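Descriptive analysis of the structure
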Amino acid sequence: MDAIRRLIKAMPKAELHLHIEGTLEPEMMMQLAVRNGIKLPYADVEAIRRAFAFGSLQDFLDVYYAGMSVLVTSRDFFDLAFAYLTRMHAENVRHVEIFFDPQGHTSRGISFDTVLSGLVDALERAKRDYGITSKLIMCFLRHLPEDDAFVTLKQACRCKEHIFAVGLDSSEKAHPPSKFSRVFREARENGFVTVAHAGEEGPPSYVCEALDDLEVKRVDHGNRALEDASLVQRLVRDEIPMTVCPLSNQRLQVCPDLTQHPLRRMLKAGMRVTVNSDDPSYFGGYLTDNFLAIQSALSLDRSEIVTLGRNAFLSSFMDDADKQAALDAFNAFVAGFGDS
Ligand code: HPA
Ligand code: ZN
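1. Things to note about the environment of Q295
On the secondary structure map, Q295 appears in helix α15 (residues 287-298). Using a relative accessible area of 10% as the deciding quantity, one classes Q295 as buried. Residues Q295 and A332, spaced 37 residues apart in sequence, show a C-alpha to C-alpha distance of 22 Å.

Have a look at this one:
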């Protein structure tokens, strides 16, 4: 194996854009369907895999929300999250910031507390067993009305000690960030940091709205920001992290040919780019696979990979002392990693 692939595998990593419901592997989907007596529209694991062929974000979301129906008890959420964290441990991932979609569950009669308690237990266990640190980011589903988001925010306000930030996901087109300006203002007033998906399928103006109206500290995806030179300047000047997801972009036809992926242009423009997996079960690869795929497609060199790896720690929501310790460990690892 060449040195750069060994470096990608061995380096300490952080993941900042990961939907926990998007880690539901077909095997677990079948198992949980049996455990909970849920009828799935798929005969077997192979049929589930065949459904993972997407022409757009909406195609994917339809399958993603259907898959969630097997998640019922706290134990299900624990098992889901702990399986992901166990994989991340094996991939030398040290820190994760995980999205969850409570409205995808409360709309089916699953309580907010059921979801959160399973996730929190898994994160605490991963800290104990693997030393993986984490933050939870609660996303609002942008295709639903503002009122629903307010109800969800109220639930989060009762559990502030477990939820660090709020985000915005689901169908982007026709659901601009400004639709949630008031919800995000109330979230900030309650002490939540904010992030949002923007510029994945939506126009650069949605990235501007995320910054101006939602006061986001990171942009999730943000690929299309490149279409607006003044926006790029602003993102560079303000060192706004972008959580880019190469295999997701490929599978959702945002960028079907990875050799044409904007990541290098984003890096060259001076943007603070990170690599992430988004929904790894559905898009065919976890964090390391995303690094390997984009390295190979764009022939990224060692210094570009190191920049991407370091950016993830720099862009994380760890407190200053933890961040410095993680960066020191990352830098020491890279300094000690020979090319042979
Ligand atoms: N975009 C929007 N919503 C999502 C995604 C995504 O990539 N993954 C899960 N929900
Ligand atoms: Zn996402």
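2. Here we look at the coordination of the zinc ion (ligand 2)
Protein ligation of the zinc ion (ligand 2) involves H17 (NE2), H19 (NE2), H197 (NE2) and D278 (OD), the donor distances falling in the range 2.0 to 2.2 Å. Each of the four donor atoms bound to the zinc ion (ligand 2) contributes to angles spanning 84 to 175°, and the resulting shape is irregular. Going along the chain, you hit the donors of the zinc ion (ligand 2) in the pattern H-x1-H-x177-H-x80-D. Residue H19 is found in strand β1 (residues 13-19), and its partner H197 is found in strand β5 (residues 193-198); the two are separated by 178 residues along the sequence.

3. With respect to the pairing of β5
Extensive coverage of β5 is indicated by the burial of five of its six residues. Read as a crossover between parallel neighbours, the route from strand β4 (residues 165-169) over helix α9 (residues 181-189) to β5 is right-handed. Here β5 pairs with strand β6 (residues 218-221) via four bridges, running parallel. Bridging across to β6, A196 finds its partner in V219. Crossover β5 to β6 through helix α10 (residues 204-212) is right-handed.

4. Some remarks on the pattern of salt bridges
Counting across every chain of the model gives 16 salt bridges. Between E97 and R218 there is a salt bridge whose closest N-O contact spans 2.8 Å. Here the residue E97 occupies a position in strand β2 (residues 93-100), and R218 occupies one in strand β6, the gap between them amounting to 121 residues. The pair formed by E97 and R218 is uniform in burial state, with each residue classed as buried. Between E227 and R224 there is a salt bridge; the shortest N-O distance is 2.8 Å. Look at R224 and you get partly exposed, because its relative accessible area is 26%. By sharing partners, the salt bridges in this structure join R35, D76 and D79 into a single network.

5. Observations concerning the sheet that holds strand β8 (residues 272-275)
With parallel pairing, eight strands are arranged side by side in an open sheet as β1-β2-β3-β4-β5-β6-β7-β8. Each of the sheet's edge strands pairs with one partner strand only, and the pair in question is β1 and β8. Looking at each pair of strands side by side, their axes are set apart by 25° on average, direction ignored. In this structure, strand β3 (residues 133-141) lies alongside β4, joined through five bridges in parallel fashion. Its bridge partner lying in β4, I137 is registered against A165. The sheet strands contacting α9 are β3, β4 and β5, and the helix crosses β4 at an angle near 165°.

6. Side note on the nonpolar core
With 109 residues, the main nonpolar core has L235, L263 and Y282 as its most contacted residues. Residues I137, C139, A165 and F317 belong to the second largest nonpolar core, which totals six residues.

7. Observations concerning unusual backbone geometry
Its identity is not glycine, yet H221 carries a phi of approximately 75°, on the positive side. When its relative accessible area of 0% is taken as the criterion, H221 is described as buried. Here D278, not a glycine, exhibits a phi torsion of approximately 70°, which is positive. Along the chain, the position of D278 falls in the loop between β8 and α14 (280-283).

8. Some points on empty space enclosed by the protein
Tallied over the entire structure, the rule returns one cavity of 30 Å³ or more. Considered as a void within the structure, the largest cavity measures approximately 100 Å³ in volume. Taken together, H19, L57, F60, L61, Y64, D169, S170, H197, E200, D278 and D279 make up the full set of residues lining the largest cavity. For the lining of the largest cavity, the leading source of residues is helix α4 (residues 57-67), giving four residues. Looking at the lining of the largest cavity residue by residue, the classes come out as four nonpolar, three polar and four charged.

9. Quick notes on the site of ligand 1
If you check the shell around ligand 1, you find H19, L57, F60, L61, Y64, D169, S170, H197, E200, H221, D278 and D279 and nothing else. Contact distances for ligand 1 include 2.8 Å between a nitrogen atom and a side-chain N or O atom of E200. Residue D278 places a side-chain N or O atom 2.7 Å away from an oxygen atom belonging to ligand 1. Contact with the protein chains removes 100% of the 260 Å² of surface that ligand 1 exposes when unbound. When each cavity is represented as a set of grid points, ligand 1 is found to reside in the largest cavity. Residue classes in the shell around ligand 1 are distributed as four nonpolar, four polar and four charged.

10. Side note on the layout of surface pockets
By rolling a water-sized probe across the atoms, one finds the places where empty space is left. In this structure, the largest pocket occupies an estimated 340 Å³ of space. Surrounding the largest pocket, 18 residues form its lining, L123, T133, S134, K135 and L136 being those nearest its centre. For the lining of the largest pocket, the secondary structure elements donating two or more residues are α7 (112-130) and β3. Volume-wise, the second largest pocket comes out at about 190 Å³. Lining the second largest pocket are P12, R94, H95, G131, T133, F313, M318, D322, A326 and A329. Looking at the lining of the second largest pocket, the elements that each hand over two or more residues are β2 and α17 (320-336). Of all the elements, α17 adds the most residues to the lining of the second largest pocket, at three residues. A breakdown of the residues in the lining of the second largest pocket according to their chemical character gives five nonpolar, three polar and two charged.

What counts as what
- Positions within a chain are numbered from 1, following the residues in the order the chain's sequence is written.
- Here the convention is simple: chains get letters from A, ligands get numbers from 1, in the order in which they are written.
- Only residues with pLDDT of 70 or above have their local features reported here, since the model is predicted, and side-chain atom pairs are shown and tallied only from 80 upward, although totals for entire chains, interfaces and linings are computed over all residues.
- Based on all heavy atoms of the structure, the side-chain values leave hydrogens and waters out of the count.
- Segments assigned H or I by DSSP are reported as helices when at least four residues long, segments assigned E as strands when at least two residues long, and all are numbered from the N terminus.
- The buried label goes to any residue with under 20% of its type's maximum accessible area, the exposed label to any with over 50%, and the partly exposed label to all in between, with areas taken from a 1.4 Å probe on protein chains only.
- With water omitted from the atoms examined, metal sites may look incomplete; donors here are N, O and S atoms no farther than 2.8 Å from the metal, or 3.2 Å in the case of Na, K and Ca.
- Labels for metal geometry use angle windows, namely 85 to 135 degrees for all angles of a four-donor tetrahedral site, and for square planar (four donors) or octahedral (six donors) sites opposite donors over 155 degrees apart plus all others within 65 to 115; sites meeting none of these are irregular.
- Whether a crossover is right-handed comes down to one check: with the strands pointing away from the viewer, does the path from the first strand over the helix to the second run clockwise; if it does, it is right-handed.
- Paired strands, as defined in this entry, are two strands with at least two bridges between them according to DSSP.
- Put simply, a salt bridge is a Lys or Arg side-chain nitrogen that is within 4 Å of an Asp or Glu carboxyl oxygen.
- A fitted line through C-alpha atoms serves as each axis, taken over the contacting stretch for helices, and the angle formed by two N-to-C directions is quoted from 0 to 180°.
- In this analysis, two residues are considered to be in contact whenever any of their non-hydrogen atoms come within 4.5 Å of each other.
- By nonpolar core is meant a set of buried Ala, Val, Leu, Ile, Met, Phe, Trp, Tyr and Cys residues that side-chain atoms within 4.5 Å join together.
- With a 1 Å grid laid over protein atoms only, a set of points is called a cavity when a 1.4 Å probe fits there but cannot get out and a pocket when it is open yet has protein on both sides within 12 Å along at least five of seven lines; lining residues have an atom within 4 Å of a point.
- Grid points are joined across faces, edges and corners, and a volume is the space filled by probe spheres set on the points.
- Classes in brief: Ala, Val, Leu, Ile, Met, Phe, Trp, Tyr, Cys and Pro nonpolar; Asp, Glu, Lys and Arg charged; the others, Gly included, polar.
- The rule for a residue being near a molecule or strand is that one of its heavy atoms must lie within 4 Å of it.
- In protein, a polar contact means a hydrogen-donor-capable atom and an acceptor-capable atom, both N or O and within 3.5 Å, with residues adjacent in sequence counting only if both atoms are side-chain atoms; elsewhere, any N or O pair within 3.5 Å suffices.
- Every accessible area reported is derived by Shrake-Rupley at a probe size of 1.4 Å, with residue values counting cover from the shown protein chains alone.
- Each molecule is assigned to a cavity or pocket provided more than half of its atoms lie within 2 Å of the corresponding grid points.

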